[in-house]
Amino acid sequence: MSFLTPLYLWFLPLVTIPVLIYLFNRSKYKDKVFSSIRFLSFLNKKTIKKINLVNVLLIIIRTLIVLTFILMMSRPIYNSSYNLRLNEDTVILIGVDNSLSMKTNQDKIKSHISAIAENSNPNTNIVIFKTEDFSIIYDKDIKSLRTNNLIFDTNLFYDDENEIDTFLLKYNNYINKHFFLISDGQSNLLERYKYLDKEWIINYINIKNDTTNLSIINMESNKDIVLSNDIFKIKVSVRNNGYINYKNQLIELYVNNINLGKKYFDIKANSIEYIYFDLIIPEYGEHLCYAKLEYDEINEDNIFYSVLNLKENIGIDIIDSENNIFLKNIFESFNLNKTIVKTNFYTANSYLSNSNQNNILFINGLSNITDEIKSKINETLKYKNINIIIFPTIKDKSLKNVSKLLPKYDFSNSFRKTIGNNQYLEVDNKSIKTKKFNDIFSNSSYRNIKVFDYISSPSDSNTYLSFNNNDSFLKIYKPSSNTNSEIKVSTISLDLNSSNLPLKGNILPFISSLIMDYRLIEFFDQNNISSLTSSLTNDNVLITPSNQKFIFISNNDKEVFNELGFYKIESGLNKNNFSINIDSYELKSNFLNEKEILKLLPKNSSILNSTNETLNAISNFKTNYDIWKFAFLLLLILIALEMYLSS
């Protein structure tokens, strides 16, 4: 026996109350004045014994009344073997994985649902829902179910706003709760469902993936920053989701609908293969790029869309009271063949009077961070994103002025430090956080720098580059959580007394990595599309891959991005492109074996691999029967008996 609401069992000590009351009253004697004692002769021993017996019975009955009431509130239940004829407060939930990998398993899904329905009580409530968005397909009794009418449309996008616990909570009032999860062993679904309510009887129906399917799961470049006519590589990751080895599979790369490469490759079952393409892009701007596989059983994952960004024009505002010659030469070096970087140099005072502000602000010298500059920057941050890069001059003694822009952070422990006796510091390659900085400083020893004089500041969670003494070289901050703006703070100066960085060949890629706030290869899915839509307004017109136009309204409306391919944003005369791919959770998710699946499910969960195993699982059900009604009936009988004996 078990209890649905065992909390009330804490009241069990109250069953002693009738006994305590009886003992308390028995110890209280009262004097009664009789005019005559002749009537006492009628109280014989037999009558006294009868009265005592009634009192004992009343104590027992009252104790049982309290006990029965507590047990009734605790909802006692007992279980026995499943009885097909009885429908004892039971619900059966069936979650159907409708992700892309399950597209070819429609018949298997229906056969398992039929097995469950045909061997359960016809009057039992059955709820069938899709796991990707929790939309309910069927919610009635089993006898009305027509399995052939069920449609499990494939969902290319994952809805991360719903949780399985919240969904199951709606059905927690049932005594018998059976949950069947039909999937193919992909880890992404199980990781989201690993916190299933343990009160449910969980059966995982594992429909093993026997499709012949290849998918493109990622596209990346060997460089983060590419100028026109630079040679770079694109790596395309292809996964074999099936159980067959493939040979001589064709993959093609298109840029602006021009085929720029074909490769044939072999790939083993359940493995990932990387295919490389060499590219040269002669013109700056946006270029629509996609990789394409030959068609197979699932075609949606055979194309991967991205946008190649070669920024054509970058506007930079530079506040530099020192007239740093290295800084001017660095930005002029970007414009040898074509004007890419447009710079506007200011003093702190002249910048305040400037009304046309670029999205990139370069501050050379911490004395330029005045209260007026702080106010102007804070005002600008309210309506647009800014990339702020700060370098101290050799005259700056600490980073204290940076706290004007970042009041939440303490820079009081920073101080200028000089490395003497012909010694120097270098970048600690092991601590570099991002690939672009790793490419700049770590590919070979000659790419590292020598630092002689800098502002010492300990490394912390905001440090992206540090020296080999664990002091910070570069820190990156977000001024607030609801913005894409960044403030990048260097501890070295663009000065030969500080380091040899101004003379090194990697000064250009380093500055490029600071000022270029975009990715060379850019693509989105439902998981990261908010990083793009946060900058859109209702003045923007979106054009879908099927050439439908609509005005962007809400940053939270993911349903507008329900097509795969290239979208266009129109804002006045400006037109920008972006791409949407299948949910990355789906593309990169691994297929697990039975042991790995069980680790992600609550204890006592079962894995079913065939319809026969599903039938056996139903026949082995243990059904709980609620006996509170019997407890209530017993309570009424005891109360009636107590009233009769009391009178």
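Residues numbered from 1 in each chain as written. Predicted model: local features only at pLDDT ≥ 70, side-chain atom pairs only at ≥ 80, totals over all residues. Heavy atoms only, no water.

Mind laying out the overall build of the chain, listing which residues take part and the relevant values?
On a plain count of helices and strands, the chain comes out with 15 helices and 30 strands. For the chain, with 647 residues in total, the buried portion stands at 46%. Sequence separation of at least 24 residues holds for 72% of the intrachain contacts in the chain that already meet a minimum separation of 6. Looking at the chain as shown, the accessible area adds up to about 34200 Å², and 52% of this sits on carbon and sulfur atoms. (Helix = DSSP H or I, 4+ residues; strand = E, 2+ residues; numbered from the N terminus. Buried < 20%, exposed > 50% of the residue type's maximum accessible area, 1.4 Å probe, protein only. Contact = heavy atoms within 4.5 Å. Areas by Shrake-Rupley, 256 points an atom, 1.4 Å probe, with all protein chains shown as cover.)

Lay out the pattern of salt bridges in plain terms, naming residues and giving numbers.
All told, the structure shown has 11 salt bridges when counted by the stated rule. Between K262 and E252 there is a salt bridge; the shortest N-O distance is 3.9 Å. Of this pair, K262 sits in strand β11 (residues 258-267) while E252 sits in strand β10 (residues 246-255), and the two are 10 residues apart along the sequence. The class of K262 is exposed, set by a relative accessible area of 53%. With a relative accessible area of 13%, E252 lands in the buried category. Of the charged contacts, one joins D453 and R416 as a salt bridge, the two residues approaching to 2.5 Å between their closest N and O atoms. Highlighted residues: D453 in strand β20 (residues 453-456) and R416 in strand β19 (residues 415-418), separated in sequence by 37 residues. Classification of D453 as buried rests on a relative accessible area of 10%. (Salt bridge = Lys/Arg side-chain N within 4 Å of Asp/Glu carboxyl O.)

Before we move on, can you summarise the pairing of strand β27 (residues 565-571) with the specific residues and values?
The buried fraction of β27 amounts to five of the seven residues, a majority that puts the element mostly inside the structure. Inspection of the sheet shows strand β25 (residues 541-543) paired to β27 by three bridges, in the antiparallel sense. The residue of β27 that forms the bridge with L542 is I569. (Pairing = 2+ DSSP bridges.)

Before we move on, could you go through the sheet that holds strand β9 (residues 231-240) and cite the residues and values that matter?
Read across the sheet, three strands follow the order β8-β9-β12 without closing on themselves; strand pairing throughout is antiparallel. In this open sheet, the two edge strands, each paired with only one partner strand, are β8 (214-221) and β12 (272-280). Here the strands of the sheet are splayed against their neighbours by 25° on average, with no regard to which way each runs. As paired elements, β8 and β9 share seven bridges and run antiparallel to each other. Pairing of E220 across the sheet is with K235, part of β9. (Axes fitted to C-alpha atoms, helices over the stretch in contact; angles between N-to-C directions.)

How would you summarise the sheet that holds strand β17 (residues 360-364) if you had to cite specific residues and measurements?
Taken in spatial order, the seven strands make up an open sheet running β16-β15-β17-β18-β23-β22-β21, and their pairing is mixed. In this open sheet, the two strands that pair with only one neighbour each are β16 (341-346) and β21 (463-466). For this sheet, the mean inter-axis angle between neighbouring strands, taken without regard to orientation, is 15°. Examined bridge by bridge, strand β15 (residues 314-320) and β16 share six bridges and lie parallel to one another. Bridge pairing in β16 places I316 opposite T343.

Outline unusual backbone geometry, supporting the account with residue identities and numerical values.
Leave glycine aside and you will find that most residues have negative phi; peptide bonds, for their part, are mostly trans. One non-glycine residue, N257, lies in positive phi territory at about 65°. Along the chain, N257 turns up in the loop between β10 and β11. Not every positive phi belongs to a glycine, and N470 is a case in point at roughly 75°. Position of N470 among the secondary structure elements: in the loop between β21 and β22 (472-477).

Report on a nonpolar patch on the surface, specifying residues and quantitative values.
Among the surface-exposed residues, L7, Y8, W10, F11, L14, I17, I21, F69 and M73 lie close enough to one another that they form a single nonpolar patch of about 930 Å² accessible area. Breaking the nonpolar patch down by element, the ones donating at least two residues are α1 (17-26) and α2 (45-73). Position of L7 relative to the elements: it lies in the loop between β1 (2-3) and α1. Judged by its relative accessible area of 61%, L7 is exposed. (Patch = residues over 30% accessible without salt bridge, like charges linked within 9 Å, V, L, I, M, F, W, Y side chains within 5 Å.)

Tell me what's going on with helix α10 (residues 507-515), and back it up with residues and numbers.
Judged by how many residues are buried, α10 sits mostly within the fold: seven of nine residues are covered. The complete set of buried residues in α10 reads I507, F510, I511, S512, S513, L514 and I515.

Describe the side chain of T463, and please don't skip the residues or the numbers.
Inspection of the secondary structure assignment puts T463 in strand β21. Residue class for T463 comes out buried when judged on its relative accessible area of 5%. A distance of 2.8 Å separates polar atoms of two side chains, one belonging to T463 and the other to S472. Beyond its immediate chain neighbours, meaning those up to four positions away, T463 contacts K433, P458, S472, L474 and K475. (Polar contact = N/O pair within 3.5 Å; in protein donor to acceptor, adjacent residues only side chain to side chain.)

Talk me through the packing of helix α3 (residues 106-118) against helix α14 (residues 611-619); I want residue IDs and the actual numbers.
One way to put it is that α3 packs onto α14 with a least axis distance of 9 Å and a crossing angle of 25°. Considering the angle they form, α3 stands roughly parallel to α14. The handedness of the crossing between α3 and α14 is right-handed. Where α3 abuts α14, its residues S111, H112, A115 and I116 lie against T611, T614, L615 and I618. Across the contact of α3 with α14, the residue classes break down as four nonpolar, four polar and no charged. (Parallel < 35°, antiparallel > 145°, perpendicular 65-115°, else oblique. Left-handed = near helix turned anticlockwise from the far one by under 90°. Nonpolar A, V, L, I, M, F, W, Y, C, P; charged D, E, K, R; others polar.)

So what's going on with the side chain of N240? Residues and values would help.
As for its position among the elements, N240 is in strand β9. A polar contact is formed between the side chain of N240 and the backbone oxygen of I244, at a distance of 2.7 Å. In this structure, N240 is in contact with N213, L214, N245, Y246, I267, K268, A269, N270 and S271, ignoring residues within four places of it in sequence.

An account of the packing of aromatic side chains is needed here, citing residue identities and associated values.
One pass over the structure, following the stated rule, counts 26 aromatic pairs. Measuring from centroid to centroid gives 5.1 Å for Y454 and F467, while their planes differ by 70°, and the two rings are edge-to-face. Residue Y454 is located in strand β20, and its partner F467 is located in the loop between β21 and β22; the two are separated by 13 residues in the primary sequence. Look at Y454 and you get buried, because its relative accessible area is 0%. By relative accessible area, which is 0% here, F467 ends up buried. Put simply, the rings of F129, F134, F167, Y171, F179 and W200 touch in pairs and so form one group of aromatic residues. (Phe/Tyr/Trp six-rings, centres within 6.5 Å; stacked < 30°, edge-to-face > 60°.)

Before we move on, could you go through the packing of helix α6 (residues 325-333) against α10 and cite the residues and values that matter?
Interaxial distance between α6 and α10 falls to 10 Å at its minimum, and their mutual angle equals 85°. The orientation of α6 relative to α10 falls into the category roughly perpendicular. Here α6 contributes I330, F331 and S333 to the contact with α10, which in turn contributes I507, L508, I511 and I515. When the residues that make up the contact of α6 with α10 are grouped by side-chain class, the tally is six nonpolar, one polar and no charged.

Everything listed here is a matter of coordinates, which is why it stays silent on function.
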